[in-house]
Each structure stands twice: as C-alpha cells, then as structure tokens.
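One letter stands for each residue in the lines below.
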Amino acid sequence: MDGAPPPASPAGLSAFVAVSQLLGLTLLATTGAWLGRYRGGVAWHSPLQFNAHPLCMVLGMVFLQGDALLVYRVFRHEAKRSTKALHALLHGLALVIALVGIIAVFESHRAKGIPDMYSLHSWCGMAAFVLYLLQWLLGCGFFLFPGASFSLRGRYKPQHIFFGVTLFILSIACCLLGITEMLLFKISDSYSHFVPEGVLANTLGVMLVAFGLVVGYVVTREEWKRPPLAEELALSMDFKTLTEGDSPGGGSQ
C-alpha cells in the first residue's frame, strides 16, 4: 500500500552508522584541537596556512569520503536517482575541500622555501587525490549521467566499488603518514617522551583507523546492502531493453 511505512533498517545498521558519525565528528574536533592548541590555529596567507592542509584532508578525504560511502546504506528507501546524486555530491565536496588543502601546502612550502613532493606522504597523498578525482569522474560518467549501456555499467560496477573502498583506505593511510611526518618535523626531540601533543596526535591516528574500520564494516556487510525498489527493477529492465535492444519477452526476431 502507498501509505505503508518503509521497512525497518537491518538490525545493527543504525548503531554502526551512529558510531561512525560520532567517531567522524570526534576526529574532526581532535584535529581542530591539535592544530589550535599546539600549532597556532589555521589562517590563510600566513605562516599558519600549512595547518589548513591536515584539517582539509581529514575533513574531505576521510570524513566526507566515508559518509559518501555510507549513503547507499543509510538512504535505503529513497529514490535511487536522489541517492546517486547525494553520493556524487559528497564525493565532489570532499574533492573540493581536499584541493584547498593541497593548495595550502604548496603555497606554504613556496613561501617558506620548502621543496615539494619529496616525501612518501606527498607521493601517496597526491596519488590518492588524483585517483579519487578519476574515480569520481568515471562514476559520474557511468552511473549519474545517461549514455553508458546497462551491460557496461554492470561490468564497471564491481571495479567502482572496489576502488572506492581502496581509495578510502589509502586516504586514511596517507593521513597517518602525514601525522607522523608532522610530529617528527615539529617535536622530534620530545616525541619519544609522551608529550601531550604527541599523545593527542597519536589518538587522532587511532580514531582515523577506528573510523575507517567502522565505515568499512558497514559497506562490506552483504546483508546491509541497499535493496532495489520494485520500480527500480522495472526501470532497469526498460533501460536494458532500450540500450541493448533486448526483447522484453525474451524472444528472438
């Protein structure tokens, strides 16, 4: 019936999503606390411009990217088109914020005469950003905009899912490399003595891993996948017929 409420979410899904959001907001607050208390805060076109880099990367490449992956688990009964648009929008917003973080670090290095792209963190980080941008463009081309055939979408979908999760893991790994690199540059003499800044930054790293584990668990649970709605199944059959010339009745001509 049209007035019937949507089916309830699978047991445990809501709790794991809530935990992921609590972890995500906490790691953002921890990043802000670290930069504000120990690194002087964040300001553009100043010696503090570099600090925009870790803040933007945690916000964009981890928190928003993770939330974009969760969209298909959270919005289980909304129209597929709307869910796709939100998924793409969150990824696009993550890319814009990450780009701001990349600009911040390049401008900061140039102002201070520091060379660019020499560390493992910078190599992995740039690779993650470029691949993430490519993943977003391909995803929009295959799934959001019309043009790709049903079979082509079906063949690309497993790769899209695999690289989506892989890039999320790579982004977290890059953040961990960046935290360690920053600590070794800034407090190398005292880091081994469990100074408060080192403990706080290490705690941020642990929360990044925890956030990644929770999000990864949610998106890989087979029984938590978004079920196709009845109208979506009908539209899929129509789309396949239009793009590949299949006969709705399965007969040959």
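Residues numbered from 1 in each chain as written. Predicted model: local features only at pLDDT ≥ 70, side-chain atom pairs only at ≥ 80, totals over all residues. Heavy atoms only, no water.

Student: Looking at this model, I keep getting lost on the overall build of the protein chain. Mind explaining?
Tutor: Looking only at helices and strands, the protein chain features 7 helices and 0 strands. Of the regular secondary structure in the protein chain, the N- to C-terminal order runs α-α-α-α-α-α-α. Long-range pairs, those at least 24 residues apart, make up 75% of the contacts in the protein chain between residues at least 6 apart in sequence. (Helix = DSSP H or I, 4+ residues; strand = E, 2+ residues; numbered from the N terminus. Contact = heavy atoms within 4.5 Å.)

Student: It is not clear to me how the nonpolar core should be interpreted in this structure. Could you clarify?
Tutor: Across soluble globular proteins, you tend to see nonpolar side chains buried next to one another. Residues L27, W34, I179, L208, F211 and V215 are the most contacted members of the largest nonpolar core, which totals 48 residues. Counting residues per element, the ones that place at least two in this core are α1 (13–38), α2 (52–74), α3 (80–112), α4 (120–144), α5 (150–187) and α6 (196–220). Of all the elements, α2 adds the most residues to this core, at 11 residues. Filtering out sequence-adjacent residues up to four positions away, L27 remains in contact with V58, L204, M207, L208 and F211. (Core = buried A, V, L, I, M, F, W, Y, C linked by side-chain atoms within 4.5 Å. Buried < 20%, exposed > 50% of the residue type's maximum accessible area, 1.4 Å probe, protein only.)

Student: Honestly, a nonpolar patch on the surface in this entry has me stumped. Any pointers?
Tutor: Together, W44, V96, L99, V100 and I103 make up a nonpolar patch on the protein surface, roughly 400 Å² of accessible area in all. Within the secondary structure layout, V96 lies in helix α3. (Patch = residues over 30% accessible without salt bridge, like charges linked within 9 Å, V, L, I, M, F, W, Y side chains within 5 Å. Areas by Shrake-Rupley, 256 points an atom, 1.4 Å probe, with all protein chains shown as cover. Salt bridge = Lys/Arg side-chain N within 4 Å of Asp/Glu carboxyl O.)

Student: Hey, could you run me through the pattern of salt bridges in this one?
Tutor: Any two side chains of opposite charge can pair, on the condition that their charged atoms come close. A complete count under the given rule lists 3 salt bridges for this structure. For E197, the salt bridge goes to R39, with nearest N and O atoms at 2.9 Å. Residue E197 is located in helix α6, and its partner R39 is located in the loop between α1 and α2; the two are separated by 158 residues in the primary sequence. Using a relative accessible area of 7% as the deciding quantity, one classes E197 as buried.

Student: Explain the packing of aromatic side chains here, please?
Tutor: For any pair of aromatic rings, the description rests on two quantities: the centre-to-centre distance and the angle between the ring planes. Under the definition given, this model contains 9 aromatic pairs. Considering the side-chain rings of F16 and W224, the 5.6 Å spacing of their centres and the 55 degrees angle between planes classify their relative orientation as tilted. Here the residue F16 occupies a position in helix α1, and W224 occupies one in the loop between α6 and α7 (230–244), the gap between them amounting to 208 residues. On the basis of relative accessible area, F16 is assigned to the partly exposed category, the value being 32%. The class of W224 is buried, set by a relative accessible area of 2%. Geometrically, the ring pair formed by F142 and F143 is tilted, given 6.3 Å between the ring centres and 45 degrees between the ring planes. Three or more aromatic residues link up through ring pairs in this structure, and these residues are F16, Y217 and W224. Over the aromatic face of W224 sits the side chain of R221, whose NZ or CZ is 4.2 Å from the ring centroid. (Phe/Tyr/Trp six-rings, centres within 6.5 Å; stacked < 30°, edge-to-face > 60°. Lys NZ or Arg CZ within 6 Å of the ring centre and 35° of its normal.)

Student: Just checking my understanding: could you explain the confidence of the model for the protein chain for this structure?
Tutor: A low pLDDT means the predicted coordinates there should not be read in detail. For the protein chain, mean pLDDT is 90; residues scoring 70 or higher make up 87% of the total. Contacts from residues 246–253, a stretch scored under 50 in pLDDT, to residues over four places away or in other chains number 3 contacts. (pLDDT = per-residue confidence, 0-100.)

Student: What's the story with unusual backbone geometry in this structure? I'm lost.
Tutor: Working note: non-glycine residues mostly have negative phi, and peptide bonds are mostly trans. Positive phi values are uncommon outside glycine, yet H45 reaches one of about 55 degrees. Structurally, H45 is set in the loop between α1 and α2. Here M117, not a glycine, exhibits a phi torsion of approximately 55 degrees, which is positive. Within the secondary structure, M117 is located in the loop between α3 and α4.

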